[in-house]
Amino acid sequence: MSSISHHDRQTTSLANKIQEVTGVALQNCYQCGKCAAGCPVAGDMEMPSCQVLRLLQYESPDYDRRVLESESIWLCLSCDTCHSRCPQTINTPKVMYFLREEAVRQGLAHPKSKDAQAFHKAFLGSVARHGRLHEIGMLMNYKVRTGHLFQDMTLGSKLYQKGKLELLPHGVKDKAAVKKLFKRTTGNKE
Amino acid sequence: MRIGYYPGCSLTSSAREYDESVRAVCEVLDLTLVEIPDWNCCGASSAHVASEELALSLRARNLALAEAAGLDEILAPCAACFSRLASASVELADNPQKCQAVSEVVGMPYSGGVKVLNMLAVLERFKDEIAAKTDQSFRHKVACYYGCLLVRPTKVAQFDRVEDPQSMDQIMAAAGAKPVRWSSKTECCGTGLSTITRTELVANLSGRIVADAAKREAVAIVTACPMCQTNLDMRRPEINQKLQEEHRIPVLYVTQALGLAMGIDPQRLGLHRNMVPVELPEPEPEVVTTDDDDED
Ligand code: SF4
Ligand code: SF4
């Protein structure tokens, strides 16, 4: 890793924003690596969690961008193992969450993140409409959004045979209350 | 005794057997479940992608509904719903200002006093009754699998030991079972964001857990989380393909296992809905303890 002079630091660095929004102070991480040692997906990440944090500590635009474009931030499972073991109680999953949102906002999100984004849209759409999740409706919506129309088809019919899928949604009665709640908190984006 | 009940979306569809077995076991334990009237989805991991406020409000509406129904404790058997609702409950407790703000969004008063309990925390209170309602013939080696959300984040879960939890082992032991010692109790099954979008990675993570349980010669994996159950059970074909092994170890909800130990009809416990067939071998032989067989 090339060293970066402290003159390059930006006040609008990701580290700054992270501290502002999530309250996590990245400079407290002293790179012991305990987080990555227990992370179930560290081996699948091009840079494990402690490296993500290290890059952010430099507060350089190049490194910030590298983090936002990475696939790693989308692989975090929010399992909280790192956080619960960190001697500095750094809330890494919270940081990862923020980084994903920021990557989407800046249009830098890794191409492989499309499915995850589509999944959340389909999920929230279902909850906004019914107040509860309607799994089949949500899955159909997700599959249309992603084009994965035939993936999991046999599984779907097996689930249906087992009585595990409801064809019709059983929503809340007070749909107006849920609609209002969505409207007030998201400006009705969903 | 009575307690508020939040089934959550999974328990009304893909995890229906969890709901069925919870109800059956609670009936035997004389615990009346009062379903929160008109409960809504907790927002799972998707709500705070849209907005933190949306996530908090969806959870808070359920707490407010419970409070209005005079319930000060609610049981959320789904570990994911438990984690979301508990995080809201913890965030709102002792914070009248936040309660006020969220009450306005939800359109209902909420004073911050509702406590959310997971399935194990409730069953723990009934250990003596469980022992009394079983004939102790369920002497099966089981692998108690907790996953992430029952113990982490510690501030939210406020439950059991984070690295080597014991509650489920003790509950199952009370029913006569023989919990194995193993190190995958709180490993992540891979649910996170990825159950659907990243099947391959999930098979890898879940596969390690299944293989570990099998290596310890457990005859069943016992869980209290629909996400974990789904990954270990429904994704078994992918797991076996990944491992190039043929693992047939069933994955039971803790209430299904308890129900079997209590002699409840398997149909009522929804055992026919499990994907990996639930066929348990003969129980372990009975150990006759003599006087000098001091237990530690
Ligand atoms: S465990 Fe904590 S202090 Fe150690 S490297 Fe990870 S985040 Fe930094
Ligand atoms: S929360 Fe994310 S970064 Fe932390 S251990 Fe789990 S998967 Fe790894």
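Residues numbered from 1 in each chain as written. Chains lettered and ligands numbered in written order. Predicted model: local features only at pLDDT ≥ 70, side-chain atom pairs only at ≥ 80, totals over all residues. Heavy atoms only, no water.

K.L.:
Would you mind going over the overall build of chain B in detail, with residue names and values included?
P.N.:
When its secondary structure is counted, chain B shows 14 helices and eight strands. Over its C-alpha trace chain B gives a radius of gyration of 19 Å, about what one expects of a compact globule, namely 19 Å for 296 residues. For chain B, the residues scored as buried account for 60% of the 296 residues in total. Split by element, the accessible area of chain B, about 11800 Å² in all, is 47% carbon and sulfur. Of the side-chain charges in chain B, 29 are positive and 42 negative, and the distance between the mean point of each set is 6 Å. (Helix = DSSP H or I, 4+ residues; strand = E, 2+ residues; numbered from the N terminus. Rg over C-alpha atoms; globule rule 2.2 N^0.38 Å. Buried < 20%, exposed > 50% of the residue type's maximum accessible area, 1.4 Å probe, protein only. Areas by Shrake-Rupley, 256 points an atom, 1.4 Å probe, with all protein chains shown as cover. Lys, Arg positive; Asp, Glu negative; His and termini not counted. Charge placed at Lys NZ, Arg CZ, Asp CG, Glu CD.)

K.L.:
How would you summarise the pairing of strand β1 (residues 2-5) of chain B if you had to cite specific residues and measurements?
P.N.:
One ladder, built from four bridges, connects β1 of chain B with strand β2 (residues 32-35) of chain B; its direction is parallel. Each bridged residue has a counterpart across the sheet, and for Ile3 of chain B the counterpart in β2 of chain B is Leu33 of chain B. (Pairing = 2+ DSSP bridges.)

K.L.:
Talk me through the pattern of salt bridges; I want residue IDs and the actual numbers.
P.N.:
All names here are of chain B. Within this structure, the stated rule accounts for 19 salt bridges over all chains. The partner of Arg61 in a salt bridge is Asp38, and the shortest N-O contact between them spans 3.2 Å. Separated by 23 residues along the polypeptide, Arg61 in helix α4 (residues 52-68) and Asp38 in the loop between β2 and α3 (47-50) bring together distant segments of the chain. Asp38 matches Arg61 in its accessibility class, with the two residues each being buried. A salt bridge links Asp164 to Lys185, with the shortest nitrogen-to-oxygen separation between them at 2.8 Å. Here the residue Asp164 occupies a position in the loop between α9 (154-157) and α10 (167-174), and Lys185 occupies one in the loop between β6 (178-179) and α11 (199-215), the gap between them amounting to 21 residues. Of the residues examined, Asp164 reaches a relative accessible area of 30% and is grouped as partly exposed. Classification of Lys185 by relative accessible area gives buried; the value is 5%. Through salt bridges that share partners, Arg161, Asp164, Asp169 and Lys185 make up one connected network. (Salt bridge = Lys/Arg side-chain N within 4 Å of Asp/Glu carboxyl O.)

K.L.:
So what's going on with the domain arrangement of chain A? Which residues, and what values?
P.N.:
Per the domain assignment, the segments of chain A are domain 1 (6-109) and domain 2 (113-186). For domain 1 of chain A and domain 2 of chain A, the distance between their C-alpha centres works out to 30 Å. (Domains from an automatic or database assignment.)

K.L.:
Can you lay out the environment of Lys127 of chain B for me, pointing to particular residues and giving the numbers?
P.N.:
Here Lys127 of chain B shows up in helix α8 (residues 127-133). Not counting residues up to four positions away in its chain, the partners in contact with Lys127 of chain B are Gln170, Ile171 and Ala174 of chain B. (Contact = heavy atoms within 4.5 Å.)

K.L.:
Talk me through the interface of chain B and chain A; I want residue IDs and the actual numbers.
P.N.:
At the interface, 52 residues of chain B touch 50 residues of chain A. At the boundary of chain B with chain A, total buried surface from both sides reaches about 4600 Å², with 59% on carbon and sulfur atoms. At the surface where chain B touches chain A, the tally comes to one salt bridge. Residue Arg85 of chain A pairs with Glu163 of chain B through a salt bridge whose shortest N-O separation is 2.7 Å. At the junction of chain B with chain A, the criterion picks out 13 residue pairs in polar contact (both at pLDDT 80 or more). (Buried area = accessible area lost by both parts, 1.4 Å probe. Polar contact = N/O pair within 3.5 Å; in protein donor to acceptor, adjacent residues only side chain to side chain.)

K.L.:
Before we move on, could you go through the packing of α11 of chain B against helix α13 (residues 236-243) of chain B and cite the residues and values that matter?
P.N.:
Residue and element names in this part refer to chain B. Packing of α11 against α13 brings their axes to within 8 Å, and their N-to-C directions diverge by 80 degrees. With respect to α13, the axis of α11 lies roughly perpendicular. Seen from α11, the contacting residues are Thr199, Glu200, Ala203, Asn204, Ser206, Gly207, Val210 and Ala211; seen from α13, they are Arg236, Glu238, Ile239, Lys242 and Leu243. Considered class by class, the residues forming the contact of α11 with α13 number five nonpolar, four polar and four charged. (Axes fitted to C-alpha atoms, helices over the stretch in contact; angles between N-to-C directions. Parallel < 35°, antiparallel > 145°, perpendicular 65-115°, else oblique. Nonpolar A, V, L, I, M, F, W, Y, C, P; charged D, E, K, R; others polar.)

K.L.:
Residues and numbers for the site of ligand 1, please.
P.N.:
All names here are of chain A. Neighbouring ligand 1 are 13 residues; Cys29, Cys32, Gly33, Cys35 and Cys86 lie closest to it. The set of elements that each furnish at least two residues to the shell around ligand 1 consists of α2 (34-38) and α3 (49-57). Class assignment for the residues of the shell around ligand 1 results in nine nonpolar, three polar and one charged. (Near = heavy atom within 4 Å.)

K.L.:
Quick rundown of the nonpolar core? Include the residues and the values.
P.N.:
Formed by 113 residues in total, the largest nonpolar core has its most connected members in Leu120, Leu123, Ile130, Met172, Val254 and Leu258 of chain B. When residues in this core are grouped by element, the largest group, nine residues, is from α4 of chain B. Formed by 38 residues, the second largest nonpolar core is a distinct cluster that contains Leu14, Cys29, Ala42 and Val52 of chain A. (Core = buried A, V, L, I, M, F, W, Y, C linked by side-chain atoms within 4.5 Å.)

K.L.:
Go over the domain arrangement of chain B with me, naming the residues and quoting the values.
P.N.:
All names here are of chain B. Looking at the assigned domains, one finds that chain B contains domain 1 (2-117) and domain 2 (135-267). Each side of the interface is counted separately: domain 1 has 21 residues, and domain 2 has 20 residues. Of the roughly 1600 Å² buried where domain 1 meets domain 2, counting both sides, 74% is carbon and sulfur surface. When the area that domain 1 buries against domain 2 is broken down by residue, the three leading residues are Tyr18, Val25 and Ala79, summing to 30%. The tally of links from domain 1 across to domain 2 stands at zero salt bridges. Here domain 1 and domain 2 share two residue pairs in polar contact (both at pLDDT 80 or more) between them. Secondary-structure elements contributing two or more residues to the side of domain 1 that touches domain 2 are α1 (8-12), α2 (16-28) and α5 (79-92).

K.L.:
Give a description of the sheet that holds strand β4 (residues 115-117) of chain B that names residues and reports values.
P.N.:
Residue and element names in this part refer to chain B. The strand order across the open sheet built from four strands is β2-β1-β3-β4, with neighbouring strands paired in parallel fashion. Edge positions in the sheet fall to β2 and β4, since each of these pairs with one other strand and no more. On average, adjacent strands in this sheet sit at an angle of 40 degrees to one another, irrespective of strand direction. Here α2 sits on the sheet in contact with β1, β2 and β3 (73-75), set at roughly 135 degrees to β2.

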